[in-house]
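# Per-entry structural report
One letter stands for each residue in the lines below.
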Amino acid sequence: ITLAIGDGANDCNMLQSADVGVGLRGEEGMQAFNCSDYGLSQFRFLKTMMLVHGRWAYRRNAKLVLFMFYKNVVVVLPQ
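This one's a predicted model, so the numbers in the text were calculated from it and none came from an experiment.

Scoring rules and cut-offs
Each residue is numbered by its place in its chain's sequence as written, counting from 1. In keeping with the predicted nature of the model, local features appear solely for residues at pLDDT of at least 70, side-chain atom pairs appear and are counted solely at 80 or more, and the whole-chain, interface and lining totals rest on all residues. To obtain the side-chain values, all non-hydrogen atoms of the structure were included, while hydrogens and water were left out. Think of a patch as exposed residues, more than 30% relative accessible area, with no salt bridge, where like charges cluster within 9 Å and nonpolar side chains (Val, Leu, Ile, Met, Phe, Trp, Tyr) cluster within 5 Å. Note that accessible areas follow from Shrake-Rupley with a 1.4 Å probe, and for residues the cover is restricted to the protein chains shown. By definition here, a salt bridge exists when the distance from a side-chain nitrogen of Lys or Arg to a carboxyl oxygen of Asp or Glu is within 4 Å. Each helix corresponds to a stretch of at least 4 residues labelled H or I by DSSP, and each strand to a stretch of at least 2 residues labelled E; elements are numbered beginning at the N terminus. Only protein chains enter the accessibility calculation, which uses a 1.4 Å probe; a residue whose area is less than 20% of its type maximum is buried, one above 50% is exposed, and one in between is partly exposed. Note on charges: Lys and Arg go in the positive column, Asp and Glu in the negative column, and His and the chain ends are not counted at all. We define a polar contact as two N or O atoms separated by no more than 3.5 Å, with the added condition that, inside protein, one atom must be a possible hydrogen donor and the other a possible acceptor, whereas residues neighbouring each other in sequence contribute only through side-chain atom pairs. Two strands qualify as a pair provided that DSSP identifies no fewer than 2 bridges between them. Axis angles are defined between N-to-C directions and span 0 to 180 degrees, where every axis is a line fitted to C-alpha atoms and, for a helix, only to the segment in contact. Note on contacts: a residue pair qualifies if any of its non-hydrogen atoms lie within 4.5 Å across the two residues. Classification remark: right-handed applies to a crossover when, strands pointing away from the viewer, the course from the first strand over the helix to the second runs clockwise.

So, on to a nonpolar patch on the surface. Side chains of Leu-3, Ile-5, Phe-43, Met-50, Leu-51, Val-52 and Trp-56 sit close together on the surface and give an oily, nonpolar patch of about 650 Å² of accessible area. Listing elements by their share of the nonpolar patch, those giving two or more residues are β1 (3-6) and α3 (45-76). At 4 residues, α3 tops the list of elements feeding residues into the nonpolar patch.

Quick look at the side chain of Asp-11 now. Counting through the fold element by element, Asp-11 comes out in the loop between β1 and α1 (12-17). Buried and unpaired, Asp-11 has no salt bridge, with Arg-25 as the nearest side chain of opposite charge at 15 Å. In this structure the side chain of Asp-11 is engaged in a polar contact, spanning 3.0 Å, whose partner is the backbone nitrogen of Asp-7.

Another aspect to go through is the sheet that holds strand β2 (residues 20-24). By way of backbone hydrogen bonds, the strands of a sheet pair with one another, either parallel or antiparallel. Taken together, the 3 strands give an open sheet; going across it, the order is β1-β2-β3, and neighbouring strands pair in parallel fashion. The strands lining the two open edges of the sheet, one partner per strand, are β1 and β3 (38-40). Averaged over all pairs of adjacent strands, the angle between their axes in this sheet comes to 20°, without regard to strand direction. In terms of strand pairing, β1 meets β2 through 4 bridges, oriented parallel. Residue pairing for β2: Leu-3 is matched across the bridge by Val-20. Packed on one face of the sheet, α3 meets β1, β2 and β3 and runs near 140° to β3.

This brings us to the pairing of β2. Two faces, one strand: in a regular strand the side chains alternate between the faces of the sheet. Burial analysis of β2 places 4 of its 5 residues in the buried class, which makes it a mostly covered element. For the crossover that starts at β1, traverses α1 and ends in the parallel β2, the hand is right-handed. With 3 bridges joining them, β2 and β3 adopt parallel strand pairing. Across the sheet, the residue bridging to Gly-23 is Gly-39, located in β3.

Another aspect to go through is the environment of Ala-57. Within the secondary structure layout, Ala-57 lies in helix α3. With 44 residues separating them in the primary sequence, Ala-57 and Asn-13 have C-alpha atoms 26 Å apart.

Take a look at the structure:
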């Protein structure tokens, strides 16, 4: 999975070709902000987005894997 971060018009191709594109609204205009998957108004919000939302996604995936193991044990054990 690739993450691309851009803040100008020259970054639009990079943002669209990456799996997750984060565009920053800034002095260079709104082009990167408009063609990205996620848009941020300031660069300092990127840390919160990566750490908090990344941790939440990691925990959701871990719970899903644990549920799949539990489900398979429940299905196979009575046999």
